[in-house]
Amino acid sequence: MIGYNCKYTPVEILACFDDYRLINNEAEHFDYSSQAMHSNVCSHIKAICEEIHRGDYDKLVFMNCCDSTRRLFDVAESKIKYKTILDLPIDNGACAVKRLKNDLLFLIKDLEAQTGKAFDAKEFLHNFSDKPIAFPNSKFILVLGANANGSLMNVIREAFQIPVINMTCSNNRCVSNENMSENDSLDELMEKYARALMAQTPCMRMSDTTSRKQLLNNENLAGIVYHTIKFCDYYCFEYTKLADSKTPILKIETDYTAQQLGQLSTRLEAFCETLNTENNAKIKMNKNGKYYAGIDSGSTSTELVIFDENKNIVKAVMVRTGANAQAGAQKALDEAQIGLDEIKTITATGYGRKNIDFANDDVTEITCHARGARFLYPEARYIIDIGGQDSKFITLDENGNVASFVMNDKCAAGTGRFLENMAKALEISMEQMANDGLKYSEDISISNMCTVFAESEVISLISENKKIADIIHGLNKSVAIKTKALASKALGADGVMMTGGVANNKGVVTELEKQLNTKIFISDKPEFCGAIGAGLFAVDSDR
Ligand code: SF4
Ligand code: SF4
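Just so we're clear, the structure is a prediction, and the values are computed from it rather than from any experiment.

Observations regarding the overall build of the chain
In terms of helices and strands, the chain carries 19 helices and 18 strands. Each principal axis of the C-alpha distribution contributes one length, and for the chain these read about 80 × 65 × 40 Å. Surface accessibility of the chain: about 24400 Å² in total, with carbon and sulfur atoms responsible for 47%.

Next up, the structure:
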């Protein structure tokens, strides 16, 4: 089996000699590649390295794409019988085409020597099977950026109700054998082939990307999902340019592991909700009910808010989520002493929103927070939400709709979990943690944001006899600095609101106000913002 890495690879030649496959799967781990390659190589290349290491390929034909590809080619293992890297031009000028033609002729000779098979022009011409890229006549989503493989595309497609076109890196190959004939000399044939390879929609490695930019002019383009991978310059550069365009765009960064894909669905669904392209399917209701419920099912706590038909809050309860989302939601209903038969419709939000059987509908926490924030604070333009496990920053437009959002759900730094762990290290309650930070006398700084390292730093400060209030202040400041990086748009702005459990921590709020140089509005129900938004959607679904 021949493995290849790029849409410019001459696969129609490879097919004359052996089976071939784009090496494109996500990795389960990076055990081998972390040893074999430098840590700043992109994880797409590390995933390819792992796949090669599993031993499915005995030949490799690479195109010389970037530094990471060249490093991979260098370390590709000795059990590979044949490997070559072709020098991919950056344009389709006459010189570039000639150079590529010569490489193709060398490749044919090499493969003939390796396999003992002779190149057959007729077979070669039969190997062309690419179909022109068909853009729909209705609204669609374009996926651009670094290579998005089948698993990632499945997650993206599941999030949208409209067609999704994958134009990332190697996934839009379109090479035609037009004008080629088996009567051409090998030299002529390879020159035409080199030209056809280079005539594809250019990727970001190419010097002239004009026809790539034209993709954005399609009147049916509803939005762009932009896939980036850490340490990839080509696609980082393009995203920076596109972020200023008028087309709505969502950036997703992956590390090419399957484990990470689940985390993306909330971002994708929230983006879909902002595009307003969803089917407005009728939601089933309990006709005899008189209330409407919003449930925010988080990993730590579940909030339930019950509304009457006039959008008055009848009850609001918060419980520990416990074993699972369903059990947490039931516990909240029990605590509110409201039976399912009294509720007309329930909208769920939060991480567990898909796992509550009795919810009639679900909406992402991004959209629900926006809705809830405007209900609690009609002037809200910027929402900083710091919950137990994640933090998010949402910008609203003048009508209260989500204009953009960013989320940190990858690490505990700057979240409620970080403060909980630090309270444990200090052996104090969360109430003390929330209040004592304001009583500091020494302005201590905690330099580590990682929970593990920050805990060691806190223990060192305790052993240096630093006052608890001063250490808490240092921790509050570090949460505020981390949050500022997420919420930089709110710097000096009006209409800034904070929600989530951490909004009850006066020390963090004070430090964040200093960092952002603005006053932050905190409602009397900061933890209930998402559930309130969900409840309002439930009421509206009956209109
Ligand atoms: S960026 Fe371009 S050259 Fe590099 S692998 Fe993708 S399609 Fe090939
Ligand atoms: S993701 Fe970027 S750095 Fe990695 S192989 Fe592709 S082009 Fe190169």
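Quick look at the site of ligand 1
Residues in close proximity to ligand 1 include N5, C6, K7, Y8, C65, L88, C169, S170, C203, R205 and Y235, which together make up its full environment. Among the residues forming the shell around ligand 1, the class breakdown is 7 nonpolar, 2 polar and 2 charged. There are two domains that each give the shell around ligand 1 at least three residues, and those are domain 1 (2-126) and domain 2 (140-275).

Some remarks on the site of ligand 2
Around ligand 2, the neighbouring residues are C42, H44, I45, C65, C66, S68, A146, C232 and Y234. In the shell around ligand 2, the residues fall into 7 nonpolar, 2 polar and no charged.

So, the pattern of salt bridges
One pass over the full model with this rule turns up 29 salt bridges. Between R353 and E269 there is a salt bridge whose closest N-O contact spans 2.8 Å. Here the residue R353 occupies a position in the loop between β12 (343-349) and β13 (361-362), and E269 occupies one in helix α11 (residues 264-275), the gap between them amounting to 84 residues. Note on R353: relative accessible area 4%, which makes it buried. A residue is classified by how much of its surface remains accessible, and E269, at 15% relative accessible area, is buried. For K354, the salt bridge goes to E269, with nearest N and O atoms at 3.4 Å. Taken together, the residues span a long stretch of sequence, with K354 in the loop between β12 and β13 and E269 in helix α11 at a distance of 85 residues. Residues joined by salt bridges that share partners form a network here, namely E269, R353, K354, D362 and E365.

Here we look at the pairing of strand β16 (residues 402-408)
Successive residues of a regular strand alternate their side chains across the two faces of the sheet. Relative to β16, strand β15 (residues 391-396) runs antiparallel, the two sharing 6 bridges. Within β16, the residue paired with I394 across the bridge is F405. What sits between β15 and β16 in their antiparallel hairpin is a turn of 5 residues, with G400 showing a positive phi close to 90°.

What to know about the nonpolar core
Residues I13, L104, F124, M190 and Y193 are the most contacted members of the largest nonpolar core, which totals 74 residues. For this core, the two domains that each supply at least three residues are domain 1 (2-126) and domain 2 (140-275). Core analysis: the second largest hydrophobic core is formed by 45 residues, V155, I156, A159 and L396 among them.

Some words on the environment of K213
As for its position among the elements, K213 is in helix α9 (residues 210-213). Exposure remark for K213: the relative accessible area of 55% places this residue in the exposed category. K213 sits 29 residues away from L242 along the chain, and the two C-alpha atoms are 9.4 Å apart.

Describing the sheet that holds strand β18 (residues 520-521)
Read across the open sheet, the 5 strands follow the order β16-β15-β14-β17-β18; overall the sheet is mixed. Only two strands of the sheet have a single neighbouring strand rather than two, namely β16 and β18. With 5 bridges connecting them, strand β14 (residues 382-386) and β15 associate as antiparallel partners. Residue pairing for β15: I384 is matched across the bridge by F393. Strands in contact with helix α13 (residues 365-376) are β14, β15, β16, β17 (496-499) and β18; relative to β15, the strand with the most contacts, it is inclined by about 60°.

A word on the sheet that holds strand β11 (residues 313-320)
Within a sheet, neighbouring strands are paired by backbone hydrogen bonds and run either parallel or antiparallel to one another. With mixed pairing, 5 strands are arranged side by side in an open sheet as β11-β10-β9-β12-β13. Each edge of the open sheet is held by one strand with a lone partner, namely β11 and β13. For strand β9 (residues 291-297) and strand β10 (residues 301-307), the ladder comprises 6 bridges, and the chain directions are antiparallel. In the sheet register, S297 faces β10, and the bridge partner there is T302.

Comments concerning the domain arrangement of the chain
As far as domains go, the chain holds domain 1 (2-126), domain 2 (140-275), domain 3 (291-374 + 530-540) and domain 4 (382-522). When each unit is reduced to the centre of its C-alpha atoms, the spacing between domain 1 and domain 3 is 52 Å.

What counts and what doesn't
- Residues numbered from 1 in each chain as written.
- Chains lettered and ligands numbered in written order.
- Predicted model: local features only at pLDDT ≥ 70, side-chain atom pairs only at ≥ 80, totals over all residues.
- Heavy atoms only, no water.
- Helix = DSSP H or I, 4+ residues; strand = E, 2+ residues; numbered from the N terminus.
- Areas by Shrake-Rupley, 256 points an atom, 1.4 Å probe, with all protein chains shown as cover.
- Near = heavy atom within 4 Å.
- Nonpolar A, V, L, I, M, F, W, Y, C, P; charged D, E, K, R; others polar.
- Domains from an automatic or database assignment.
- Salt bridge = Lys/Arg side-chain N within 4 Å of Asp/Glu carboxyl O.
- Buried < 20%, exposed > 50% of the residue type's maximum accessible area, 1.4 Å probe, protein only.
- Pairing = 2+ DSSP bridges.
- Core = buried A, V, L, I, M, F, W, Y, C linked by side-chain atoms within 4.5 Å.
- Contact = heavy atoms within 4.5 Å.
- Axes fitted to C-alpha atoms, helices over the stretch in contact; angles between N-to-C directions.

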